[in-house]
Amino acid sequence: MSLSRDELIRYSRQIKLEQVGIQGQQRLTEAHVIVLGVGGLGCPASSYLASAGVGRITLIDPDQIELSNLQRQILYSNDNIGQDKVSAAQQRLQQQNPEIEITTLCEAPDEARLIELLADADLLLDCCDNFATRHAVNRACRRTQTALVSAAGVRLEGQLAVFRFDRHRAPCYHCLFPEVAGDTDTCAAAGILAPVVGILGAMQALEALKVLLETGADRHGKLLCFDALSSQWRDLAFNADPSCPVCSN
Ligand SMILES: [Zn+2]
């Protein structure tokens, strides 16, 4: 499938890059990325994936837009309050780029459903806001050997990790954060300064594009930590847990 004249113009600034080129752009056009959660992380992440020309994007989120979301969930406006996030996001992203296909699922998938959905996906962006979902996503991506770009932001801190389950027997999310019951460290409970999730969401899109383009340094086994107060980034290496119930067998 070759790129149309309009697509060549639309994506011309990235096609110029030696790491993208026509071939890379075609690869993006043929890719399918799932964005789980269209909130503070998912809004900027899906916006950059859509504008960069990722050919198929599936948006998943069970929630409706509330007034308190508008501070950081930048795809939505006052008029969208009460609407399903996935529908409002789809409409906005399709205006941004009508050349791509966007599918929406207004639901909170469990592990079995995620495994089903991952069957024809190249990559999943975890933009959810709770540990239970992150662990279900980790298990489903490990099982289906799908690349996972996971991020989280709370207060004035953010974290990002790329799990190349498609390539490596690498440490997984559970090795890094063993599952504990009763976690409540969400934005609703702890607060968040909006650009923190904006920065992390944009980083997720960047890492996703690099995975799809097969370019850049391999980031598996590293946790990138962002401290917004000091504006410092730190890379923490982590190892596989030999007794991890998800990835040790
Ligand atoms: Zn593990």
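Not measured: the values here are computed from a predicted model. (Residues numbered from 1 in each chain as written. Predicted model: local features only at pLDDT ≥ 70, side-chain atom pairs only at ≥ 80, totals over all residues. Heavy atoms only, no water.)

Caption draft 1: Spatial organisation of the overall build of the protein. The helix and strand tally for the protein stands at ten helices and eight strands. Expected size for 249 residues packed as a compact globule is a radius of gyration near 18 Å; at 17 Å, the protein falls within 12% of this value. Here the C-alpha coordinates of the protein stretch approximately 50 × 40 × 40 Å along the principal axes. Scored against the burial criterion, the 249 residues of the protein give a buried share of 49%. Sequence-distant contacts, at least 24 apart, represent 66% of the contacts inside the protein between residues at least 6 apart. Accessible surface, the protein as shown: approximately 11900 Å² in total, 49% of it carbon and sulfur. (Helix = DSSP H or I, 4+ residues; strand = E, 2+ residues; numbered from the N terminus. Rg over C-alpha atoms; globule rule 2.2 N^0.38 Å. Buried < 20%, exposed > 50% of the residue type's maximum accessible area, 1.4 Å probe, protein only. Contact = heavy atoms within 4.5 Å. Areas by Shrake-Rupley, 256 points an atom, 1.4 Å probe, with all protein chains shown as cover.)

Caption draft 2: Inspection of the pattern of salt bridges at higher detail. Within this structure, the stated rule accounts for nine salt bridges. Note that Glu116 and Arg113 form a salt bridge whose closest N and O atoms lie 2.9 Å from each other. Taken together, the residues span about one helical turn, with Glu116 and Arg113 both in helix H6 (residues 111–117) at a distance of three residues. For Glu179, the salt bridge is made with Arg139, and the minimal N-O distance between the two is 3.3 Å. Here the residue Glu179 occupies a position in the loop between helix H8 (173–176) and helix H9 (187–190), and Arg139 occupies one in helix H7 (residues 131–144), the gap between them amounting to 40 residues. We classify Glu179 as partly exposed; its relative accessible area is 41%. Beyond isolated ion pairs, a larger network of salt bridges with shared partners links Glu107, Arg113 and Glu116. (Salt bridge = Lys/Arg side-chain N within 4 Å of Asp/Glu carboxyl O.)

Caption draft 3: Summary view of the side chain of Asn69. With respect to the element layout, Asn69 can be found in the loop between strand S2 (56–60) and helix H5 (85–96). According to the relative accessible area criterion, Asn69 is buried, its value standing at 7%. A distance of 2.8 Å separates a polar atom in the side chain of Asn69 from the backbone nitrogen of Glu66. (Polar contact = N/O pair within 3.5 Å; in protein donor to acceptor, adjacent residues only side chain to side chain.)

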